[in-house]
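Results of the structural survey
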Amino acid sequence: MAKFVPRGIIPAMATPTDEWGNINEGALRKLVNHLIDGGVHGLFPVGSQGEFFALTFEQKKKVIEIVIDETRGRVPVYAGTAALTTKEAIETTKMARDLGVDAVSILTPFFTNLSQKEVIGFYLDIARAVPDLPVLLYSNPARTKVPIAVETVKELAGVDNIVGIKDSSGDMTLTAEYIRVTRDMDFSVLAGRDTLIYATLCYGGTGSITATANVEPRLVVEIYEAFMAGDHRRALEAQYRLAPLRLAFELGTFPVVIKEALNMIGIDAGKAIRPVGPLTEENRARLRRVLQDMGVVKA
């Protein structure tokens, strides 16, 4: 059997919720179809943009079930199965596997300041617990304070079912090193910083797990599809057009900006789960101008 290859544009899906923090199933199904209609190559529920840190185990299960059901096999479904402990991460990963996901992406544990030996042990334990399931590493050191060293990635890339990494470090030198040291292995490096999708592809990355694709999937897909067609100028221009939306993340506390943007384009994502608060009126107006300039909302 061919090894699973993570590739293309895979939106890190927002989790639509009501004012009490319950899952809004109708809006979630609408989001699935909005993304697939936009040409994406996979879906990634219950990641950081999906507020995994604010969801119960049962809520995560419900989100994954709904996404798989609504996707109906049209694109692969990846699931975020991050947790603070190895035990909980394995339980969440097994739950996602049993629901039928195609792969999982697992963030390094946060709060605990792990050594690289402990990072390796964490991923090895999970990979061995689900040997039939493709696993992606997920590095986001700005939020977890736990980096994944280049040598750690190289070692873990040798594990049969560890198939790639989502790199949200924003450090292109680091991303390039991940690619360089694994270039002769069956291992994929995907951009996690939406401003660096084109650059990652140029270095040999295979795609991006991207939050901004929730809002305008066609534009993000254009970066990838134009690049794959050899049209670097069009790919770069699409990257330039996308950049202001990613930079707008600074307008509020993550992950509120994408949820508010979705509300503006007619998908009822609701509010960010508290304690994250809404945008100020001034910053909401600035976000709307970004979306107007992108052509996704009317002036």
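Residues numbered from 1 in each chain as written. Predicted model: local features only at pLDDT ≥ 70, side-chain atom pairs only at ≥ 80, totals over all residues. Heavy atoms only, no water.

Inclusion rule: UniProt positions are given in the numbering used here, feature names are shortened, and annotations may be inferred rather than shown by experiment.
The name an unreviewed UniProt entry assigns to the protein chain is 4-hydroxy-tetrahydrodipicolinate synthase, from the organism Neomoorella stamsii. We quote the UniProt Sequence similarities (unreviewed entry) comment for the protein chain here in full: "Belongs to the DapA family." You can read under Subunit (unreviewed entry) in the UniProt record for the protein chain the words "Homotetramer; dimer of dimers."

1. Let's talk about the packing of helix 11 (residues 256-264) against helix 12 (residues 281-294)
Heads up, the rule is: Lines fitted to the C-alpha atoms define the axes, with helices restricted to the stretch that makes contact. Angles between their N-to-C directions range from 0 to 180 degrees. Runs of H or I in DSSP of at least four residues are treated as helices and runs of E of at least two as strands, each being numbered from the N terminus. Two helices cross in a left-handed way if the nearer one is turned anticlockwise from the farther one by less than a right angle. They cross in a right-handed way if the turn is clockwise. Note on contacts: a residue pair is in contact if any heavy atoms of the two residues lie within 4.5 Å. Residues are grouped as follows: Ala, Val, Leu, Ile, Met, Phe, Trp, Tyr, Cys and Pro are nonpolar; Asp, Glu, Lys and Arg are charged; every other residue, Gly included, is polar.
Taken N-terminus to C-terminus, the directions of helix 11 and helix 12 make an angle of 65°; their axes are 10 Å apart at the nearest point. When the axes of helix 11 and helix 12 are compared, the crossing they make is right-handed. Here helix 11 contributes Val-257, Glu-260, Ala-261 and Met-264 to the contact with helix 12, which in turn contributes Arg-284, Leu-287, Arg-288 and Leu-291. Tallied by class, residues from the contact of helix 11 with helix 12 come to five nonpolar, no polar and three charged.

2. Details of the packing of helix 3 (residues 86-99) against helix 4 (residues 116-129)
Closest axis-to-axis distance for the helix 3/helix 4 pair is 10 Å, and the angle between their directions is 35°. Between helix 3 and helix 4 lies a crossing of right-handed hand. Contact residues: Thr-86, Ala-89, Ile-90, Thr-93, Lys-94 and Arg-97 in helix 3; Phe-122, Asp-125, Ile-126 and Ala-129 in helix 4. A class-by-class count of the residues in the contact of helix 3 with helix 4 yields five nonpolar, two polar and three charged.

3. Details of the pattern of salt bridges
This is how the line gets drawn: Salt bridges, as used here, are contacts in which a Lys or Arg side-chain nitrogen is within 4 Å of a carboxyl oxygen on Asp or Glu. Burial classes follow relative accessibility: with a 1.4 Å probe on protein chains only, a residue under 20% of its type's maximum area counts as buried, one over 50% as exposed, and anything between as partly exposed.
Tallying each qualifying case throughout the model produces 14 salt bridges. For Glu-91, the salt bridge goes to Lys-87, with nearest N and O atoms at 2.8 Å. Residue Glu-91 and its partner Lys-87 are located together in helix 3, separated by four residues, close to a single helical turn. With relative accessibility at 60%, the residue Lys-87 sits in the exposed group. The partner of Arg-284 in a salt bridge is Glu-281, with the nearest N and O atoms 2.5 Å apart. In this pair, Arg-284 and Glu-281 are both assigned in helix 12, three residues apart and thus about one turn of the helix distant. Put simply, Glu-25, Arg-29, Asp-69, Glu-70 and Arg-72 are held in one network by salt bridges that share partners.

4. As for the UniProt feature "binding site: pyruvate" (unreviewed entry) in the protein chain
In the numbering used here, UniProt assigns the feature "binding site: pyruvate" (unreviewed entry) to Ile-209. Turning to its location among the elements, Ile-209 is positioned in strand 7 (residues 207-210). Apart from the residues within four sequence positions on either side, Ile-209 is in contact with Ile-10, Ala-12, Phe-44, Leu-136, Lys-166, Leu-190, Ala-191, Gly-192 and Asp-194.

5. Brief notes about the environment of Val-77
Within the fold, Val-77 resides in the loop between helix 2 (57-71) and strand 2 (78-80). Judged by its relative accessible area of 3%, Val-77 is buried. Taking the C-alpha atoms as reference, Val-77 lies 10 Å from Ala-96; in sequence the two are 19 residues apart. Once residues within four sequence positions are removed from consideration, Val-77 is found in contact with Leu-43, Pro-45, Val-67, Ile-68, Thr-71, Val-101, Asp-102 and Ala-103.

6. Quick look at the nonpolar core
For clarity, the threshold we go by: Here the nonpolar core consists of buried residues drawn from Ala, Val, Leu, Ile, Met, Phe, Trp, Tyr and Cys, with membership extended through side-chain atoms lying within 4.5 Å.
Counting 97 residues, the largest nonpolar core has Leu-43, Tyr-123, Leu-137, Ile-162, Leu-287 and Leu-291 as the members making the most contacts within it. For Leu-291, the residues in contact, after removing those within four places along its chain, are Val-215, Leu-245, Ala-261, Met-264, Val-296 and Val-297. Ile-10, Leu-136, Val-163 and Ile-209 belong to the second largest nonpolar core, which has nine residues in total.

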